[in-house]
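Descriptive analysis of the structure
The primary structure of each chain is shown beneath.
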Amino acid sequence: MKNITKSLIALLAIVTFSCTVDDVQDRPVIGGIDVPVLTAPASGVSYVLQPENAAKQIERFTWKSANYGGDIQVAYAVEIDALGNEFKTPQSIGSVIAENQISVSVEQLNNAVLLLGATPFSPSDYEVRVRSTAGAAETMSSEIITIVVTPYTTETPRLWMSGNFLSTSGYGENWALSTSLPSLASSGFGETDYEGFVFINDANAEFKFLTQNTTFDGSYGNATGPDGTNTGLLLQTGGFNAGLPSPKTAGYYHIKVDTDPAKLTYSATRTTWGIIGNGTPGGWDLDTPMTYSPTTKTWTVIATLSTQAAPDNGLKFRPNNDWPGNFGDTSADSKLEVDGTNIGTIAGTYLITLDLSNPREYTYSMVLQ
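Residues numbered from 1 in each chain as written. Predicted model: local features only at pLDDT ≥ 70, side-chain atom pairs only at ≥ 80, totals over all residues. Heavy atoms only, no water.

**Looking at the overall build of the protein chain**
- Helix and strand counts for the protein chain come out as four helices and 26 strands.
- On C-alpha atoms alone, the protein chain measures out to a radius of gyration of 33 Å, which is more than a quarter above the 21 Å that the 2.2 N^0.38 rule sets for 369 residues.
- Referenced to the eigenvectors of the C-alpha coordinate spread, the extents of the protein chain come out at roughly 115 × 60 × 35 Å.
- Sorting the 369 residues of the protein chain into buried and exposed places 40% on the buried side. (Helix = DSSP H or I, 4+ residues; strand = E, 2+ residues; numbered from the N terminus. Rg over C-alpha atoms; globule rule 2.2 N^0.38 Å. Buried < 20%, exposed > 50% of the residue type's maximum accessible area, 1.4 Å probe, protein only.)

If you want it as structure tokens, here you go:
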């Protein structure tokens, strides 16, 4: 027993001796010494992003390693923020561990700048840096470079309408800024031709066309005064409130706007809607009128149809008892196209609904009663 006790004391002495104060002090201290250094891209590079190149590499960011004074694993992240924002709300465009480069795709860079509030198809300046981290050691950042990015959007560009007609027309508070504002859609990415259908239940309506539904900054108004007039000509920023054409009448309007700086025009055409065709009560000679609901923002009619086969027979939707602007369904998918194929019908009484509230995404339904 004594021998065992002596052995334990000896072992404890060895352990104590091996863990002296000098030994602890000689261990390497992990701390930031040299920051990472961005080597590519060069400051001032400009990128014009295109949706068809979304999966392709737009840039390979490279840097020299950070020095933490020891053989430890270092993580890196490339960050981007709006110029002058001092990285208060940075977005990461890639991160790696123990590597010195990141391949960034068009889509990654595009998403990052859109999250920073970028305006699609418009160039803006951004700051980029590399940040390094190593365990509990301090985070270090490279010097900042600036780049210029022109992003895109895969959403169809829109304009919104705000004015003194919103309350009486079922869109909410007058002159509001909200997601419930009636909108117009362009024909495609970067295009300037906008259209949509808007219920304006006020003959003396005044309104402006907004580029965002959150601000009046940059909105389009009538080119000349007084407020509420309709010249068909637009002015961006500083324009008067636009109005309906003469004779001014409340109703459901087909609104068109062209923001091309060489054009800057708008129009408002009052419409009423009905169905026509040899599958409808009036045949091809007489429209069956529909009724608009400000609550549902749709046109409806209950009608007794006969069996008629598309594409030569059936029904169509048309405005103002006339053919220009009529809608059919070419793909038979309940989505409407101007001058589209006749919609086939089956005998019965139906609730027919026409929905033009989503610009350029017009739909219909027919429900057997």
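Once the structure has been displayed, the description carries forward.
**A closer look at the side chain of Asn326**
- Within the fold, Asn326 resides in the loop between strand E22 (316-319) and strand E23 (327-328).
- With relative accessibility at 3%, the residue Asn326 sits in the buried group.
- Here Lys316 takes part through its side chain, which lies 3.0 Å from a polar atom of the side chain of Asn326.
- At 2.9 Å, the side chain of Asn326 forms a polar contact with the backbone oxygen of Trp323.
- If we ignore the near neighbours within four places in the chain, the residues touching Asn326 are Lys316, Phe317, Arg318, Pro319, Glu337, Val338 and Asp339. (Polar contact = N/O pair within 3.5 Å; in protein donor to acceptor, adjacent residues only side chain to side chain. Contact = heavy atoms within 4.5 Å.)

**Examining the layout of surface pockets**
- The computed volume of the largest pocket comes to approximately 870 Å³.
- For the lining of the largest pocket, the element with the most residues is strand E10 (residues 158-163), which contributes three residues.
- Tallied by class, residues from the lining of the largest pocket come to nine nonpolar, twelve polar and three charged.
- Of the volumes computed, that of the second largest pocket is approximately 260 Å³.
- Contributing to the lining of the second largest pocket are 16 residues, with Phe197, His254, Gly325, Phe327 and Val338 lying nearest its centre.
- For the lining of the second largest pocket, the secondary-structure elements that each account for two or more residues are strand E12 (193-200), strand E17 (265-271) and strand E24 (337-338). (1 Å grid on protein atoms, 1.4 Å probe; cavity = no way out; pocket = protein on both sides within 12 Å on 5 of 7 lines; lining within 4 Å. Points joined across faces, edges and corners; volume = space filled by probe spheres on them. Nonpolar A, V, L, I, M, F, W, Y, C, P; charged D, E, K, R; others polar.)

**So, the packing of aromatic side chains**
- Per the stated rule, a full pass over the model turns up 17 aromatic pairs.
- Ring geometry for Phe197 and Tyr252: centres 5.9 Å apart, planes at 10 degrees, overall stacked. Of the two residues, Phe197 sits in strand E12 while Tyr252 sits in strand E16 (residues 251-258), which places them 55 residues apart along the sequence.
- Exposure remark for Tyr252: the relative accessible area of 4% places this residue in the buried category. (Phe/Tyr/Trp six-rings, centres within 6.5 Å; stacked < 30°, edge-to-face > 60°.)

**Remarks on the nonpolar core**
- Counting 48 residues, the largest nonpolar core has Ile200, Phe209, Ile255, Phe317 and Ile352 as its most contacted members.
- Elements represented by at least two residues in this core include exactly E10, E12, strand E13 (207-210), E16, E17, strand E18 (273-276), strand E21 (298-305) and strand E25 (348-355).
- Of the residues forming this core, the biggest block, five residues, is contributed by E12.
- Not counting chain neighbours up to four residues away, the residues in contact with Ile352 comprise Ile275, Met290, Trp299, Thr300, Val301, Ala303, Leu305, Leu315, Phe317, Ser365 and Met366.
- Listed in part, the 32 residues of the second largest apolar core include Leu38, Tyr47, Val106 and Tyr126. (Core = buried A, V, L, I, M, F, W, Y, C linked by side-chain atoms within 4.5 Å.)

**A few points about the pairing of E25**
- As paired elements, E21 and E25 share seven bridges and run antiparallel to each other. For Thr304, the partnering residue across the bridge sits in E25 and is Thr349.
- Two elements, E25 and strand E26 (residues 363-368), share six bridges in a ladder whose sense is antiparallel. Along E26, the bridge assignment pairs Leu354 with Tyr364. (Pairing = 2+ DSSP bridges.)

**Looking at the environment of Gly172**
- Mapped onto the secondary structure, Gly172 falls in the loop between helix H4 (166-169) and strand E11 (183-186).
- Judged by relative accessible area, which is 37%, Gly172 ranks as partly exposed.
- Along the backbone, Gly172 and Ser141 are 31 residues apart, and their C-alpha atoms lie at a distance of 48 Å.
- Once residues lying within four places of it in the same chain are set aside, the contact partners of Gly172 are Leu166 and Ser167.

**Overview of the confidence of the model for the protein chain**
- Mean pLDDT for the protein chain: 92, with 92% of residues reaching 70 or above.
- When the criterion is pLDDT under 50, residues 1-24 qualifies, and its contacts beyond four places in sequence or with other chains add up to one contact. (pLDDT = per-residue confidence, 0-100.)

**Some remarks on the sheet that holds strand E20 (residues 291-293)**
- Pairing within the open sheet is antiparallel, and its four strands lie in the order E20-E21-E25-E26. Either end of the sheet is taken by a strand with one partner, and the two such strands are E20 and E26. Averaged over all pairs of adjacent strands, the angle between their axes in this sheet comes to 25 degrees, without regard to strand direction. (Axes fitted to C-alpha atoms, helices over the stretch in contact; angles between N-to-C directions.)

**Brief notes about the pattern of salt bridges**
- Counted according to the given criterion, the structure contains five salt bridges.
- Two residues, Glu79 and Arg129, come together in a salt bridge whose shortest N-O distance is 2.9 Å. Of the two residues, Glu79 sits in strand E4 (residues 75-82) while Arg129 sits in strand E7 (residues 124-133), which places them 50 residues apart along the sequence.
- Of the residues examined, Glu79 reaches a relative accessible area of 10% and is grouped as buried.
- The partner of Asp258 in a salt bridge is Lys263, and the shortest N-O contact between them spans 3.6 Å.
- Note on Lys263: relative accessible area 48%, which makes it partly exposed.
- In the salt-bridge network here, residues are joined through shared partners; they are Glu79, Arg129 and Arg131. (Salt bridge = Lys/Arg side-chain N within 4 Å of Asp/Glu carboxyl O.)

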